[in-house]
Amino acid sequence: MIRLWKFFKSVVAEMKLVVWPNAKQTRTDIVTVIGTTIFFTAFLGIIDWAVQTLLIKL
């Protein structure tokens, strides 16, 4: 029981040290993630289409 109490105390202490991002940084990160996702979706879609087209022509 004592080990469990020490664990939770250390969790609380670590959470106090966390630096949470502000709203501007969060928006920037979200835009980056969505933009990267859209880019790679389009890129992989084009590669898939090209490979499929080449395989059909063979």
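Located above this text is the structure these notes cover.
Residues numbered from 1 in each chain as written. Predicted model: local features only at pLDDT ≥ 70, side-chain atom pairs only at ≥ 80, totals over all residues. Heavy atoms only, no water.

Colleague: Summarise the overall build of the protein; cite the residues concerned and give the values.
Modeller: When helices and strands are counted, the protein shows 2 helices and 0 strands. Relative to a compact globule of 58 residues, whose C-alpha radius of gyration would be 10 Å, the protein shows 23 Å and is clearly more extended. When its C-alpha atoms are laid out on the principal axes, the protein stretches across 70 × 35 × 10 Å. Within the span of the protein, comprising 58 residues, buried residues form 0% of the whole. Working note: accessible area of the protein is about 5900 Å², and carbon and sulfur atoms make up 75% of it. (Helix = DSSP H or I, 4+ residues; strand = E, 2+ residues; numbered from the N terminus. Rg over C-alpha atoms; globule rule 2.2 N^0.38 Å. Buried < 20%, exposed > 50% of the residue type's maximum accessible area, 1.4 Å probe, protein only. Areas by Shrake-Rupley, 256 points an atom, 1.4 Å probe, with all protein chains shown as cover.)

Colleague: Outline the environment of Thr 37, listing residues and values.
Modeller: The residue Thr 37 is located in helix α2 (residues 23-57) in this model. On the basis of relative accessible area, Thr 37 is assigned to the partly exposed category, the value being 46%.

Colleague: Please give an account of helix α1 (residues 2-17) that cites residues and values.
Modeller: Counted at 1.5 Å a residue, the expected span for α1 with its 16 residues is 22 Å, and the 23 Å between its end C-alpha atoms agrees. A small share of α1 lies buried, amounting to 0 of its 16 residues. (Expected span 1.5 Å × (residues − 1).)

Colleague: Give a detailed account of a nonpolar patch on the surface, specifying residues and quantitative values.
Modeller: On the surface, Met 1, Leu 4, Phe 7, Phe 8, Val 11, Met 15, Val 18 and Trp 20 cluster together into a nonpolar patch covering about 880 Å² of accessible area. Inspection of the secondary structure puts Phe 7 in helix α1. Take Phe 7: its relative accessible area is 47%, and that puts it in the partly exposed class. (Patch = residues over 30% accessible without salt bridge, like charges linked within 9 Å, V, L, I, M, F, W, Y side chains within 5 Å. Salt bridge = Lys/Arg side-chain N within 4 Å of Asp/Glu carboxyl O.)

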